[in-house]
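Chain by chain, the residues:
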Amino acid sequence: MQTLFRYNWQVRQDWFSWCEDVPLEELLRVRTGGIGGILHTLFHIVDVEWSWIRLLQGKPDFQESFEEYQSLAQVRKLDTLFREEVEKFVLSWDESMEDLILYDPQPDGSIATDTWGEVMRHILAHEIHHVGQLSIWAREVGKKPISANLIGRGLAQKG
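Residues numbered from 1 in each chain as written. Predicted model: local features only at pLDDT ≥ 70, side-chain atom pairs only at ≥ 80, totals over all residues. Heavy atoms only, no water.

(A) Representation of the overall build of the protein in the model. For the protein, the helix and strand inventory stands at five helices and two strands. Its helices and strands in sequence order give the protein the pattern α-α-α-α-β-β-α, from N to C terminus. Radius of gyration (C-alpha) of the protein: 16 Å, near the 15 Å computed for a compact globule of 159 residues. C-alpha atoms of the protein, sized along the principal axes, occupy 45 × 45 × 25 Å. Looking at the protein residue by residue over its 159 residues, the buried ones come to 45%. Accessible area of the protein: about 8800 Å², with a carbon and sulfur share of 54%. The distance from the centre of the 16 positive side-chain charges to the centre of the 25 negative ones in the protein is 8 Å. (Helix = DSSP H or I, 4+ residues; strand = E, 2+ residues; numbered from the N terminus. Rg over C-alpha atoms; globule rule 2.2 N^0.38 Å. Buried < 20%, exposed > 50% of the residue type's maximum accessible area, 1.4 Å probe, protein only. Areas by Shrake-Rupley, 256 points an atom, 1.4 Å probe, with all protein chains shown as cover. Lys, Arg positive; Asp, Glu negative; His and termini not counted. Charge placed at Lys NZ, Arg CZ, Asp CG, Glu CD.)

This is the structure we're talking about:
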């Protein structure tokens, strides 16, 4: 699982670098599908990852909105701010955590229950899903998307 988190973090950094050559108005443009545009999607990826990790730790959720993060530099800074806590949790993961239960109160008053392992895999799949959307939008702005290939990224666990 840690390999896939490292993969997502590498790909995310590649997307941040990719964005450096794209005009801000293109990054902010609302696009078909997804939750908005390119920058909003990157913000959403960062927010969702951190929010789920906070939930697993029993900590309060992030309550800010994308309207406060309208530049690439601001979203990157948020990612850097959140990464330390997320990475610490991910790197401390062991099999004993797999079947722990997250009790997640829902707006309707019910309680959703999911294993921590399910939540961690959801976080991974969520980002990969949105990276696919970014790849489509990259072509709309006339740029080659970031490679989704895990092979060749140096992520294989040694030993």
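(B) Geometry of the environment of Pro23. Checked against the element boundaries, Pro23 lands in the loop between helix H1 (2–19) and helix H2 (24–28). Sequence separation of Pro23 and Val141 is 118 residues, and the distance between their C-alpha atoms is 9.8 Å.

(C) Looking closely at the pairing of strand E2 (residues 111–115). Bridging between strand E1 (residues 101–105) and E2 involves five bridges; their strand directions are antiparallel. When the sheet's bridge partners are listed, Ile101 is paired in E2 with Thr115. In sequence, E1 turns back onto E2 through a hairpin of five residues, with Gly109 there showing a positive phi of about 95°. (Pairing = 2+ DSSP bridges.)

(D) View of the pattern of salt bridges. Tallying each qualifying case throughout the model produces twelve salt bridges. Across the salt bridge formed by Arg12 and Asp79, the nearest N and O atoms sit 2.5 Å from each other. Within this pair, whereas Arg12 is found in helix H1, its partner Asp79 is found in helix H4 (residues 72–91), the two being separated by 67 residues in sequence. Exposure class is identical for Arg12 and Asp79. Each is buried. One salt bridge connects Arg29 with Glu26, and the closest N-O pair in it is separated by 2.7 Å. (Salt bridge = Lys/Arg side-chain N within 4 Å of Asp/Glu carboxyl O.)

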